[in-house]
Amino acid sequence: MWTAPDGARLAVYRQPASGTPRAALLLVHGWGEHSACYGELARWFGSRGVAVWAADLRGHGRSPGVRGHIERFAQYLSDVAALRKLMAAELEAPQLLLGVSYGGFIVLRYLETAPPQLAGAVAVTPYLDLATPASAWKVRLARAVADLLPRLPISTGLDWSLTTRNVEVWTAMRDDPLSHQRITPRAWRETVAAQQVLREERHRIVTPLLVLLAGDDRIVSTAAAEQFAGSLRAPVTLRLYPGFFHNLFHEPGREAVYDDLAAWADTLLGGAN
């Protein structure tokens, strides 16, 4: 466990690089998931000379806290900044960020804070809007009780089978006791507010960015992410994978995703070890 600046305890994982590290990467997982869901990705980076750090978000995985709850979205940004300091203290190397789904949203919002000494970032199927609007009753309920019952658990209604076409993977995620399908009214309100700020402050993003999108994403809006990426003044590389479901790193044919990620990283950092 690692202690965040405000005293929160977060589960932190590390994947060392093989050989001399050429970069350090912070991986931010998606809503309802946890860092161990991306063990394959972390090991892949490690084999290419990139050391990986990952933390379970507050209220996720092995980190303590109410499942699916956040008091303020700014706490995520503070956690990312503090974890980057932890990485820098342990390894002197160029730093990268990679966020998946809600984690991609966190990464994009963090980039708007003008982070220093960041070599590049990757936003994978970032949650900028839902593919299908949330139920009206859930929206009304969240608005009504965000202050009165901020920690009330509400089901996200996630259909795990829409995350990937790999049945073995999504059934394992569904049955994983460290995964969940909950969000609280306060977390929802903080998320919606942060999405609005993200759109308003997008001109502040200048970090080289790779955006990876699923062509058949039924969870988040691919069109919203494409439009957002196209509006940035930062150097952006965008890759779209036709027929792929939301979680690109769990999809059949994900080798193409890894190839594009490797090409981008090698261009940014120099060839792999």
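Heads up: the structure comes first, above all this text.
## Considerations on helix α7 (residues 222-230)
Right, on to step 1. Buried within α7 are the following residues: T222, A225, F228 and A229. Along α7, the residues classed as buried sweep out an arc of 130° about the axis, all on the same side. Those residues of α7 that are exposed and angled more than 90 degrees off the buried face are A223, Q227 and G230.
Right, on to step 2. Buried positions along α7 lie against α3 (102-111), α6 (185-200), β10 (209-214) and β11 (236-241).
Right, on to step 3. The opening residue of α7 is S221, an N-cap whose side-chain oxygen sits 3.0 Å from the backbone nitrogen of A224.

## With respect to the packing of helix α1 (residues 39-47) against helix α8 (residues 255-269)
Right, on to step 1. The contact between α1 and α8 brings their axes to 12 Å, and the two run at 40°. Accordingly, the angle class assigned to the pair α1 and α8 is oblique. Viewed along their axes, α1 and α8 form a crossing whose handedness is right-handed. Here E40, L41, W44 and F45 of α1 lie close against α8, whose contacting residues are Y258, L261 and A262.
Right, on to step 2. When its residues are assigned to classes, the contact of α1 with α8 shows 6 nonpolar, no polar and 1 charged.

## Some remarks on a nonpolar patch on the surface
Right, on to step 1. On the surface, L148, L149 and L152 cluster together into a nonpolar patch covering about 290 Å² of accessible area.
Right, on to step 2. With respect to the helices, strands and loops of the structure, L149 is situated in the loop between α4 (136-145) and β8 (154-155).

## Notes on the pattern of salt bridges
Right, on to step 1. Counted according to the given criterion, the structure contains 13 salt bridges.
Right, on to step 2. R58 serves as the salt-bridge partner of D79, at 2.7 Å between the closest nitrogen and oxygen. Here D79, found in helix α2 (residues 74-90), pairs with R58, found in the loop between β5 (50-55) and α2; they are 21 residues apart in sequence, far enough to count as distant.
Right, on to step 3. A relative accessible area of 10% places R58 in the buried class.
Right, on to step 4. A salt bridge links E201 to R204; the shortest N-O distance between them is 3.9 Å.
Right, on to step 5. Using a relative accessible area of 26% as the deciding quantity, one classes E201 as partly exposed.

The rules behind the values
- Residues numbered from 1 in each chain as written.
- Predicted model: local features only at pLDDT ≥ 70, side-chain atom pairs only at ≥ 80, totals over all residues.
- Heavy atoms only, no water.
- Buried < 20%, exposed > 50% of the residue type's maximum accessible area, 1.4 Å probe, protein only.
- Helix = DSSP H or I, 4+ residues; strand = E, 2+ residues; numbered from the N terminus.
- Arc of directions from axis to C-beta.
- Contact = heavy atoms within 4.5 Å.
- Polar contact = N/O pair within 3.5 Å; in protein donor to acceptor, adjacent residues only side chain to side chain.
- Axes fitted to C-alpha atoms, helices over the stretch in contact; angles between N-to-C directions.
- Parallel < 35°, antiparallel > 145°, perpendicular 65-115°, else oblique.
- Left-handed = near helix turned anticlockwise from the far one by under 90°.
- Nonpolar A, V, L, I, M, F, W, Y, C, P; charged D, E, K, R; others polar.
- Patch = residues over 30% accessible without salt bridge, like charges linked within 9 Å, V, L, I, M, F, W, Y side chains within 5 Å.
- Areas by Shrake-Rupley, 256 points an atom, 1.4 Å probe, with all protein chains shown as cover.
- Salt bridge = Lys/Arg side-chain N within 4 Å of Asp/Glu carboxyl O.

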